[in-house]
Amino acid sequence: MPLLAASDVPDLTGRLAVVTGASDGIGVHVAGHLARAGADVVLPVRDLAKGRAAADRLRAEVPHARLDVRHADLADLASVAAFAGTLLADGRPVDVLVNNAGVMEPPTRRTTADGFELQLGVNHLAHVALTSHLLPLLAAARGRVTTQVSIAVARAAVHWDDLGWEHGYHPGRAYGSSKLALGLFAAELQRRSAAGGWGVTSTLSHPGVSPTNLLAAQPGLGRDRERLGRRVIAGLSRRGWVVGTVASAALPAVLAATAPDARGGHLYGPRGFQHLGGPPAEQPLYRPLTDRDDARRVWDVSHRLTGTPPTP
């Protein structure tokens, strides 16, 4: 599994890391790199059986891995708060938080337990809530938050007129809006941490394009067959053409989460053609991520919607 040498990731022994979406796909690989470097890794998952199976596979590859599978349903803010509450009760500082989980393009509009459009709720608001709940532990560790966005944000806009897509739902634009909102939140987190002396570093990453399960058949999302695009991506990936593999797609997040010289407020992604695949590297922020007015607005609206405190 490793595409980074052990020497490329600093020693994380004694550090605590939390990785969302680590029961499969990119998240499993991110968690594996962190565990291989010695971190104690918490895996918040909706399906505990699936999460434990993923942890068992990681332990088979990394015998010394210290993994802790806990329940958290990102489509339910009460569940996110309950999970965060277990970490707050433990009282252990959190050194690394990787906001990686996501859903992509359910063909019809679906909602979370709290009534939010599913992509807005899972991709964005759940991670706002989780980060906000954990800010005291992140500040105590002078920790790092790495937020996984998407190349889709390069052409995205926050759907301010109808954040919940109650009218004229469009799967792709709703996905882009949710990931852009999350990226703007991450950028604003860095600015507020620096201004307020919180000690938290916020980096952004994106995986490029790879054959993850985001566009696979997912009856729970109303998609009963694999999307054609995923079959094309899988074929290109197998041949090593243009796009990445699921394993390589995890590397920008690992770099952003662990590299001593990774810079807060900066974006890390594949450095190949059009940033679709290739080794990880810093790259310029996509233009929509540079809008500070939108970032402040996202910050305020997101905390209001999630009912979470905006400071540690």
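The rules we used
Residues numbered from 1 in each chain as written. Predicted model: local features only at pLDDT ≥ 70, side-chain atom pairs only at ≥ 80, totals over all residues. Heavy atoms only, no water. UniProt positions renumbered as here; feature names shortened; annotations may be inferred. Helix = DSSP H or I, 4+ residues; strand = E, 2+ residues; numbered from the N terminus. Buried < 20%, exposed > 50% of the residue type's maximum accessible area, 1.4 Å probe, protein only. Contact = heavy atoms within 4.5 Å. Areas by Shrake-Rupley, 256 points an atom, 1.4 Å probe, with all protein chains shown as cover. Salt bridge = Lys/Arg side-chain N within 4 Å of Asp/Glu carboxyl O. 1 Å grid on protein atoms, 1.4 Å probe; cavity = no way out; pocket = protein on both sides within 12 Å on 5 of 7 lines; lining within 4 Å. Points joined across faces, edges and corners; volume = space filled by probe spheres on them. Nonpolar A, V, L, I, M, F, W, Y, C, P; charged D, E, K, R; others polar. Pairing = 2+ DSSP bridges. Axes fitted to C-alpha atoms, helices over the stretch in contact; angles between N-to-C directions. Expected span 1.5 Å × (residues − 1). Polar contact = N/O pair within 3.5 Å; in protein donor to acceptor, adjacent residues only side chain to side chain. Phe/Tyr/Trp six-rings, centres within 6.5 Å; stacked < 30°, edge-to-face > 60°. Lys NZ or Arg CZ within 6 Å of the ring centre and 35° of its normal. Parallel < 35°, antiparallel > 145°, perpendicular 65-115°, else oblique.

The protein is annotated in an unreviewed UniProt entry as NAD(P)-dependent dehydrogenase (Short-subunit alcohol dehydrogenase family) of Cellulomonas iranensis. Looking at the protein in UniProt, the text filed under Sequence similarities (unreviewed entry) is "Belongs to the short-chain dehydrogenases/reductases (SDR) family."

S.K.: Sorry if this is basic, but what is going on with the overall build of the protein here?
M.R.: Counting its secondary structure elements, the protein contains nine helices and eight strands. A total of 312 residues make up the protein; the buried ones form 57% of that total. Restricting the contact set of the protein to residue pairs at least 6 apart, pairs at least 24 apart contribute 73%. Here the protein displays about 12900 Å² of accessible surface, and carbon together with sulfur accounts for 52% of that area.

S.K.: It is not clear to me how the pattern of salt bridges should be interpreted in this structure. Could you clarify?
M.R.: Two side chains that carry opposite charge are able to pair once their charged atoms sit near each other. What the rule picks out here adds up to ten salt bridges. Residue Asp56 pairs with Arg59 through a salt bridge whose shortest N-O separation is 3.2 Å. Taken together, the residues Asp56 and Arg59, both in helix α2 (residues 48–61) and three residues apart, mark about one turn of the helix. Overall, Asp56 belongs to the partly exposed group, its relative accessible area being 49%.

S.K.: Just to check I follow, could you spell out empty space enclosed by the protein for this structure?
M.R.: Tallied over the full model, the rule gives two cavities of 30 Å³ or more. One number sums up the size of the largest cavity: a volume of about 60 Å³. What lines the largest cavity is simply Leu120, His124, Leu125, Val158, Trp160, Leu163, Ala181, Val298, Val301, Ser302 and Leu305. Elements that contribute at least two residues to the lining of the largest cavity include exactly α4 (118–141) and α9 (292–306). With four residues, α9 is the largest single contributor of residues to the lining of the largest cavity. Residue classes in the lining of the largest cavity are distributed as nine nonpolar, two polar and no charged. Reported here for the second largest cavity is a volume of approximately 30 Å³. Together, Leu74, Ala75, Asp76, Leu77, Thr112, Asp114, Phe116, Gly121 and Leu125 line the second largest cavity.

S.K.: I'm lost on the sheet that holds strand β3 (residues 66–71) in this one. Help?
M.R.: Where strands meet in a sheet, backbone hydrogen bonds hold them as pairs that are either parallel or antiparallel. If you trace the eight strands from one edge of the open sheet to the other, you get β3-β2-β1-β4-β5-β6-β7-β8, paired in mixed fashion. Two strands lie at the open edges of the sheet, namely β3 and β8 (280–283), each paired on one side alone. Adjacent strand axes in the sheet meet at a mean angle of 25° when their direction is disregarded. Sheet analysis places strand β5 (residues 144–148) next to strand β6 (residues 201–205), joined by five bridges and oriented parallel. Bridging from a neighbouring strand, Arg144 pairs with Thr201 of β6. Across the sheet, helix α3 (residues 77–90) touches β1 (16–19), β2 (40–45) and β3, and the angle it forms with β3 is around 140°. On top of the sheet, helix α5 (residues 171–196) reaches β5 and β6; it is set at about 150° to β6, its chief contact.

S.K.: Is there a simple way to explain α9 in this structure?
M.R.: For α9, which comprises 15 residues, the first-to-last C-alpha distance of 21 Å matches the rise-based estimate of 21 Å (1.5 Å per residue) to within 8%. Looking only at α9, the buried set comprises Ala295, Val298, Trp299, Val301, Ser302, His303 and Thr306. Summarising the contacts, the buried residues of α9 are in contact with α3, α4 and α5. Between a side-chain oxygen at the N-terminus of α9 and the backbone nitrogen of Asp293 the separation is 3.1 Å; the capping residue is Asp291.

S.K.: How do you make sense of the layout of surface pockets when you look at a structure like this?
M.R.: Think of a ball as big as a water molecule: rolled over the atoms, this probe shows where empty space is left. Estimates place the volume of the second largest pocket at around 160 Å³. What lines the second largest pocket is Glu105, Ala152, Arg155, Ala156, Ala157, Val158, His159, Trp165, Gly172, Arg173 and Gly176. A breakdown of the residues in the lining of the second largest pocket according to their chemical character gives five nonpolar, three polar and three charged.

S.K.: In this structure, what is going on with the packing of aromatic side chains? I would like to understand it.
M.R.: Remark: the centre distance and the inter-plane angle together describe each pair of aromatic rings, the angle taken between the planes. A complete count under the given rule lists two aromatic pairs for this structure. For the pair Phe185 and Trp299, a centre-to-centre distance of 5.0 Å together with 15° between the ring planes defines the contact as stacked. Remark: Trp299 occurs in helix α9 and Phe185 occurs in helix α5; sequence separation between them is 114 residues. Residue classification places Phe185 among the buried positions, given a relative accessible area of 2%. Ring pairing ties together the aromatic residues Phe185, Trp198 and Trp299, which thus form one cluster. Note that Arg297 overlies the ring of Trp160, its terminal NZ or CZ placed 4.0 Å from the centroid.

S.K.: Got a minute to help me understand the packing of α4 against α9 in this structure?
M.R.: Two quantities define a packed helix pair, namely the angle between the axes and the distance from one axis to the other. Where α4 meets α9, the axes come as close as 10 Å, and the angle between the chain directions of the two elements is 85°. Comparing the axis directions of α4 and α9 gives the class roughly perpendicular. Along its contact with α4, which presents His124, Leu125, Val128, Ala129 and Ser132, the element α9 presents Val298, Ser302, His303, Leu305 and Thr306. Residues that form the contact of α4 with α9 fall into these classes: five nonpolar, five polar and no charged.

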